[in-house]
Amino acid sequence: RMESPEYCIERGLVLPPAAFIEVVRDVTFQSDSGNDIADREENRRRWNRFRGKKIVVEGQIRKVEETFFTDKVKCIINAHGKTISARFDSMSKREGASLAVGETITIEGDLSERPVLSDIAMDHCVIK
């Protein structure tokens, strides 16, 4: 399928809305069958589908700030009804200061397991 997350990820294409929502659904999935062993296995299976993958997504900047301990630039981005905590490890503060809230950007970055209040986290992001 040309609109599947795997197809887009393999080719470095911007994820269309349905593919992005599928990625978010799988990396945030929490099984609750009452069987802890089966739940952990199902959660791991879903997350592993996209573990270590670099994704490209377009969204609107909602907030620009510095990360807590590292003083790196971080943006909260709205994309297709979901939020992304995007960390720009190589972006200077000067570049970060030029980003405008409400601006639509396309970012590429690695899916991250770091805990965030957003729907998903991405690290090592760059603006495409």
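The text that follows walks through the structure, step by step, so that each part is easy to find. (Residues numbered from 1 in each chain as written. Predicted model: local features only at pLDDT ≥ 70, side-chain atom pairs only at ≥ 80, totals over all residues. Heavy atoms only, no water.)

## Quick notes on the pairing of strand β5 (residues 120–127)
In step 1: As paired elements, strand β3 (residues 82–88) and β5 share 3 bridges and run parallel to each other. Following the sheet pairing, Ser85 is matched in β5 by Ala121.
In step 2: Strand direction decides the pairing type here: strand β4 (residues 104–112) and β5, joined by 5 bridges, are antiparallel. Across the sheet, the residue bridging to Asp110 is Asp123, located in β5. (Pairing = 2+ DSSP bridges. Helix = DSSP H or I, 4+ residues; strand = E, 2+ residues; numbered from the N terminus.)

## Brief notes about unusual backbone geometry
In step 1: For His80, which is not glycine, the phi torsion reads 55 degrees and is therefore positive.
In step 2: Relative to the assigned elements, His80 resides in the loop between β2 (73–79) and β3.
In step 3: His80 gets classed as partly exposed once you look at its relative accessible area, which sits at 35%.
In step 4: The residue His124 is not glycine, and still its phi comes out positive at about 55 degrees.
In step 5: Tracing the chain through its elements places His124 in strand β5.
In step 6: Take His124: its relative accessible area is 47%, and that puts it in the partly exposed class. (Buried < 20%, exposed > 50% of the residue type's maximum accessible area, 1.4 Å probe, protein only.)

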